[in-house]
Structure formats: structure tokens, C-alpha cells
Amino acid sequence: MSCSYRQGAGVRISWILNLTTKLSQVIFLVLVMMCWGGHANAASSQYIVLEGGVQSGGAISGTVVFNGTAPDPEVFEVDTDESYCGLKAYSEELVVGSNGGIKNVVLSIENIDTGKAWDFPTKFIFDQNKCKFNPHVMIIKSKSEGVVLNSDDVVHNIHTISRGIFNINKSTNGHSETRIKEKKIRKPGVIRVKCDMHYWMKGWWIVAKNPYTVSTNQDGEFLIEDVPAGSYNIKAWHEKLGESEYSVEVKADETAQLNVTLG
Ligand SMILES: [Cu+2]
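Residues numbered from 1 in each chain as written. Predicted model: local features only at pLDDT ≥ 70, side-chain atom pairs only at ≥ 80, totals over all residues.

Chemist: What exactly am I supposed to notice about the overall build of the protein here?
Modeler: Within the protein, the regular secondary structure consists of 2 helices and 21 strands. The buried share among the 263 residues of the protein stands at 27%. Put simply, of all contacts in the protein between residues at least 6 apart along the chain, 64% involve residues at least 24 apart. (Helix = DSSP H or I, 4+ residues; strand = E, 2+ residues; numbered from the N terminus. Buried ≥ 20, exposed ≤ 12 C-beta atoms within 10 Å, placed from the backbone. Contact = placed C-beta atoms within 7 Å.)

Chemist: What am I meant to see in the sheet that holds strand E13 (residues 176-180) here?
Modeler: Either a parallel or an antiparallel arrangement is found when strands of a sheet pair, and the pairing is made through backbone hydrogen bonds. What the 4 strands build is an open sheet, ordered E8-E7-E10-E13; its pairing is mixed. The strands lining the two open edges of the sheet, one partner per strand, are strand E8 (132-134) and E13. For this sheet, the mean angle separating the axes of adjacent strands, direction not counted, is 20 degrees. As paired strands, strand E10 (residues 145-150) and E13 are joined by 5 bridges and run antiparallel to one another. Residue pairing across strands places asparagine 150 opposite serine 176, the latter belonging to E13. (Pairing = 2+ DSSP bridges. Axes fitted to C-alpha atoms, helices over the stretch in contact; angles between N-to-C directions.)

Chemist: How should unusual backbone geometry be read in this particular structure?
Modeler: Negative phi is the rule for most residues except glycine; trans is the rule for most peptide bonds. For the bond running from asparagine 134 to proline 135, omega is 0 degrees, close enough to zero to count as cis. As for its position among the elements, proline 135 is in the loop between E8 and strand E9 (137-141). Non-glycine residue lysine 130 carries a positive phi angle of around 55 degrees. Assignment of secondary structure puts lysine 130 in the loop between strand E7 (123-129) and E8.

Chemist: Before we go on, may I ask you to explain the environment of asparagine 99 in this structure?
Modeler: Locating asparagine 99 in the fold gives a position in the loop between strand E4 (88-90) and strand E5 (106-109). C-beta crowding within 10 Å serves as the criterion here: with 12 such atoms nearby, asparagine 99 is assigned to the exposed category. The sequence separation of asparagine 99 and aspartate 219 amounts to 120 residues, and the corresponding C-alpha distance is 6.8 Å.

Chemist: Got a minute to help me understand the sheet that holds strand E12 (residues 169-172) in this structure?
Modeler: The strand order across the open sheet built from 5 strands is E9-E15-E14-E11-E12, with neighbouring strands paired in mixed fashion. Of all the strands in the sheet, the pair left with one neighbour each is E9 and E12. The sheet shows a mean angle of 25 degrees between the axes of neighbouring strands, direction not considered. In terms of strand pairing, E9 meets strand E15 (residues 202-208) through 5 bridges, oriented parallel. Looking across to E15, one finds that valine 137 is bridged to tryptophan 204.

Chemist: Looking at this structure, how should I read the nonpolar core?
Modeler: For soluble globular proteins, the rule of thumb is that nonpolar side chains tend to be buried together. Counting 42 residues, the largest nonpolar core has Ile102, Leu107, Trp205, Ile206, Val207 and Ile224 as its most contacted members. Listing elements by their share of this core, those giving two or more residues are strand E2 (58-66), E5, E9, strand E14 (189-194), E15, strand E17 (221-227) and strand E18 (230-238). Examining the composition of this core, we find that 5 residues originate from one element, E15, more than from any other. Dropping the residues within four chain positions of it, tryptophan 205 is found in contact with Met138, Ile140, Ile191 and Val193. (Core = buried A, V, L, I, M, F, W, Y, C linked by C-beta atoms within 7 Å.)

Chemist: Got a minute to help me understand the confidence of the model for the protein in this structure?
Modeler: Do not read the predicted coordinates in detail wherever pLDDT is low. Here the protein averages 89 in pLDDT, and 83% of its residues register 70 or above. Of the regions scoring below 50 in pLDDT, residues 26-44 engages in 0 contacts with residues more than four places distant in sequence or in other chains. (pLDDT = per-residue confidence, 0-100.)

Chemist: I tried to follow the environment of lysine 123 on my own but got confused; where do I start?
Modeler: Following the sequence through the fold, lysine 123 ends up in strand E7. Discounting chain neighbours no more than four positions away, the residues touching lysine 123 are Glu145, Gly146 and Val147.

Chemist: Sorry if this is basic, but what is going on with the environment of glutamate 77 here?
Modeler: With respect to the helices and strands, glutamate 77 occurs in strand E3 (residues 75-77). You can call glutamate 77 exposed: it has 10 C-beta atoms within 10 Å. Separated by 13 residues in sequence, glutamate 77 and tyrosine 90 place their C-alpha atoms 9.1 Å apart.

Spelled out as C-alpha cells, the structure:
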């Protein structure tokens, strides 16, 4: 009896070992498939520049306007470096022109993988000037290098907040340059920028997925050029008014109109 008991236990152990091996094989296969899928997705989301440029490209132009009467810009009481920065600071969060056009709305084509060459500056410049960030909204390419200037007589701070794109928190002396090295800005997305010395100083870096990313001027106008003919989803992003998407059909050598109302 004791012998058959031992045999039964042996069979059970060997069955369990067999099952464990099979389970390990299944888990390994699932992991390989997940890694492969992730790699394929990463590769397919890369933007590719068309050799020889875009032939017979079209364009998308339009205006982004505020719905209704725009509120007056928020006014901040300056509580630090008043003798240099002044007693009041005006929010640049929502800037609406006399025609109702909204400044600093970022428009981008979401579903484009190939097209024109990047026409962004090779080196971006972000200036701390008169206790403001200039530009308030800056569009850049990932992996690009740049400089944060402090053009003022007072000490500022550059503090970026993002989800794994680029985070820095560094004070900048008056009349100094802080270099941002190539490859530090890891991937497309939104980076919020603030100065911890002066609470009203706020800005944004938009890291573009492709060169079809522009912002509106002070009249709310924008133009996206050299677009291959096709159907596109256009995303409009504004720091206060949020995100919205629109469909546009671009025909060869023609300019499609896209007028957007936000607010
Ligand atoms: Cu500051």
C-alpha cells in the first residue's frame, strides 16, 4: 500500500511539473507577443519624411474664434520683484482679439504618417522676458535642442511638468542661458511650464508628432501647408478650452477651410 501511495504521489508531482512547464511556455509566448505588438505600434507611429517632398500638396486654413463675448484677462497682483516686474501681471491663458479670434490654439493633423520635411527651427529659444515666458505656447520637435534664456535682471526658475516627456526644475540667474541638450525631450506630448519664483509665469511646450502642427496668431488664424491630398482628423488644443477634433478633406493644390468655434 505504501508503495502504491508513493507511486500515486510521483504521478501527481510529475503532472504538476508538466503543467507548470506548459504554463511557463504559454506565459512566455504571451509576453513575446505583447513585446512584439508594442514594438510594431511604436514603429508605425513614427513620422516618415517623403523623399522629394510632397507633390501637388494642398493646405488647410481657417480661424479659431471664441463663442460669445470673451472675458477680460485675469489680472494677477505681483508679490515678488515688484520693482522689476511691475505691480500687475496679465494672464495669457485666453487671448481673444477684437475680431473674436483666439491666439495660441494649436492645430495638428492627427492621422498622417508620411509627408513634408520638418520645417521647425533646429534650435528652439524660450525666453524669460519681463517676467513672462516668450513664447507663451511653443511648438517644438522631440529630441531637438534648445536654450532657455533669462533676459531679465531678476532670478527666475524653469519648472516643467509632463508625463515622462521632459522634466526640469532649475533656477536661472538674470541674463543667463540654460541649454537643453539634444534628445532630452523624449517624445511628443504636452509640457506645462512654470516659474516657482513668480506664480503668474506660465507657459506650454507642445512637442509635435509631425510637422503638420501650427498655432493660431493673434487674430486666431492658422495655415497648415504641403498636405498630401486625403481625409484628415484635425485636433485643436487650447490650454483653457481643451481639445476638440474635426474632419477635413484636402484636395491636391487646393486650400481646405476649417473654421472652429471654441468656448
Ligand atoms: Cu520668474
